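Coordinate analysis (summary)
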Protein chains: 2
Amino acid sequence: MRYSQQREIIRDIVFSTNSHPTADWVYGKAKKSMPNISLGTVYRNLKQLTDQHIIKTIYDGTIARYDWNKESHDHLKCVDCGEMVDIQTSNRERLKTVVNDKHNFDITDVEITFIGKCHKHNKKEKKE
Amino acid sequence: MRYSQQREIIRDIVFSTNSHPTADWVYGKAKKSMPNISLGTVYRNLKQLTDQHIIKTIYDGTIARYDWNKESHDHLKCVDCGEMVDIQTSNRERLKTVVNDKHNFDITDVEITFIGKCHKHNKKEKKE
DNA sequence: ATTTAAATAATAACAGTTCCTATTATTAGA
DNA sequence: TCTAATAATAGGAACTGTTATTATTTAAAT
């Protein structure tokens, strides 16, 4: 993979946040330092970075988000914030093993997303 | 919610399979008994059925699938088949409780998807 | 410096989904 | 049973997120 300034910027942007940004968010940020970068370039590089296991692609409902954190971890999603937070639960590996054995499946990954309301939104006030 | 023949057909189709069909697949099936049903009608009704908790919407990468099984359960996805299979792991409720307490989150749901290769595809032969 | 192929910007194409509008069908009430 | 009110529909346009195309630019090997 040949060097490109665009890819470096895109990589740095993903690594600069814990917010699991969308391609469009990355695009907006990238334009600040490189005003005529194109959205296609952002998508192409996010895919390449994923293929090289430099970042991870995760799915939030129907849209793709990108995560620099390649450690095995789960996500917590607040239905009010919409934002996703990284969390650690200890059971991932054990769960994988159990399913592997029980279902004769060669499990390579587990995606666990907890959906609910964070402490800011779990009282009665509701956004929107 | 007023009765409609279309909605009844759509509901029956989702309830007739374990394959977590996409909207388009449901549309194809529905056309057999009602040739000029429209795709918009399929989407509208799948959403309504979801809102009424008659079916569940699940996401597979970037596309929506529909599941009649409202029981708390996990999914197993074969990267070769692409198909999703329902499975049961015992830890869901415990996981929810742990995260609830540890992160002060009001968890309403957990989505767990195991990704790997089923017994048909976990040897060396590879599709496509 | 020249050459070669990878990467780019710009934009068209695409897939999945939602929205719009004139028409049709369900259902409550006369 | 007929009628009126309005929810649901078909058909298609519009929208959103993503991928593909192409002429041009750029990294980097020679």
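These figures come from a predicted structure and were not determined experimentally.

Quick word on the sheet that holds strand 5 (residues 106–117) of chain B
- One open sheet accounts for six strands, arranged 4(A)-3(A)-5(A)-5(B)-3(B)-4(B); its pairing is mixed. Whereas interior strands pair on both sides, the edge strands pair on one side only; in this sheet they are strand 4 (84–87) of chain A together with strand 4 (84–87) of chain B. Taking the axes of each pair of neighbouring strands and ignoring which way they run, one obtains an average angle of 25° across the sheet.
- Where strand 3 (residues 74–78) of chain B meets strand 5 of chain B, four bridges bridge the pair, whose relative direction is parallel. Note on strand 5 of chain B: the bridge partner recorded for Cys78(B) is Gly116(B).
- Helix 4 (residues 92–103) of chain A rests against strand 3 (74–78) and strand 5 (106–117) of chain A together with strand 3, strand 4 and strand 5 of chain B of the sheet, and its axis sits at about 125° to strand 5 of chain A.
- Contacts from helix 4 (residues 92–103) of chain B reach strand 3, strand 4 and strand 5 of chain A together with strand 3 and strand 5 of chain B within the one sheet, and its direction differs from that of strand 5 of chain B by about 125°.

Overview of the packing of helix 1 (residues 5–15) of chain A against helix 3 (residues 39–51) of chain A
Residues and elements named next belong to chain A.
- Put simply, helix 1 and helix 3 touch, their axes get as near as 10 Å, and they point 70° apart. As the angle between them shows, helix 1 and helix 3 are arranged roughly perpendicular. Here helix 1 contributes Gln6, Arg7, Ile10, Arg11 and Val14 to the contact with helix 3, which in turn contributes Thr41, Val42, Asn45, Leu46, Gln48 and Leu49.
- Looking at the contact of helix 1 with helix 3 residue by residue, the class counts come to five nonpolar, four polar and two charged.

Section: the relation of the copies chain B and chain A
- Mapping chain B onto chain A calls for a screw motion: a turn of 180° about the axis and a shift of 0.0 Å along it, with 0.1 Å RMSD after fitting. The symmetry that links the two subunits is that of a two-fold axis.
- Most of the interface of chain B is mirrored in chain A: 100% of its interface residues are interface residues there too.

Points about the protein's contact with DNA strand C
- Close to DNA strand C lie 20 residues, the nearest being Arg2(A), Ser4(A), Thr41(A), Arg44(A) and Tyr43(B).
- Here DNA strand C approaches the protein such that, of its atoms within 4 Å, sugar and phosphate make up 71%.
- Asn36(A) places a main-chain nitrogen or oxygen 3.4 Å from a phosphate oxygen of DNA strand C.
- Side-chain polar atom of Arg2(B) to a base oxygen of DNA strand C: 2.6 Å apart, as the coordinates give it.
- Of all the elements in the fold, those that place two or more residues in the surface near DNA strand C are helix 1 and helix 3 of chain A together with helix 3 (39–51) and strand 2 (63–67) of chain B.
- Its residues placed into classes, the surface near DNA strand C shows seven nonpolar, eight polar and five charged.

What to know about helix 3 of chain A
Residues and elements named next belong to chain A.
- Given a rise of 1.5 Å per residue, 13 residues ought to cover 18 Å, and the 18 Å separating the end C-alpha atoms of helix 3 matches this to within 8%.
- Taken together, the buried positions of helix 3 are occupied by Thr41, Val42, Asn45, Leu46, Leu49 and Thr50. Buried residues of helix 3 fall within an arc of 165° about the axis and therefore sit on the same side. In helix 3, the exposed residues that point more than 90 degrees away from the buried face are Lys47 and Asp51.
- Of the surrounding elements, those touching the buried residues of helix 3 are helix 1, helix 2 (23–33), strand 1 (56–60) and strand 2 (63–67).
- At the C-terminal side of helix 3, His53 shows a positive phi close to 55°.

About the criteria used
Residues numbered from 1 in each chain as written. Chains lettered and ligands numbered in written order. Predicted model: local features only at pLDDT ≥ 70, side-chain atom pairs only at ≥ 80, totals over all residues. Heavy atoms only, no water. Pairing = 2+ DSSP bridges. Helix = DSSP H or I, 4+ residues; strand = E, 2+ residues; numbered from the N terminus. Axes fitted to C-alpha atoms, helices over the stretch in contact; angles between N-to-C directions. Contact = heavy atoms within 4.5 Å. Parallel < 35°, antiparallel > 145°, perpendicular 65-115°, else oblique. Nonpolar A, V, L, I, M, F, W, Y, C, P; charged D, E, K, R; others polar. Least-squares fit on C-alpha atoms with pLDDT ≥ 70 in both. Near = heavy atom within 4 Å. Polar contact = N/O pair within 3.5 Å; in protein donor to acceptor, adjacent residues only side chain to side chain. Expected span 1.5 Å × (residues − 1). Buried < 20%, exposed > 50% of the residue type's maximum accessible area, 1.4 Å probe, protein only. Arc of directions from axis to C-beta.

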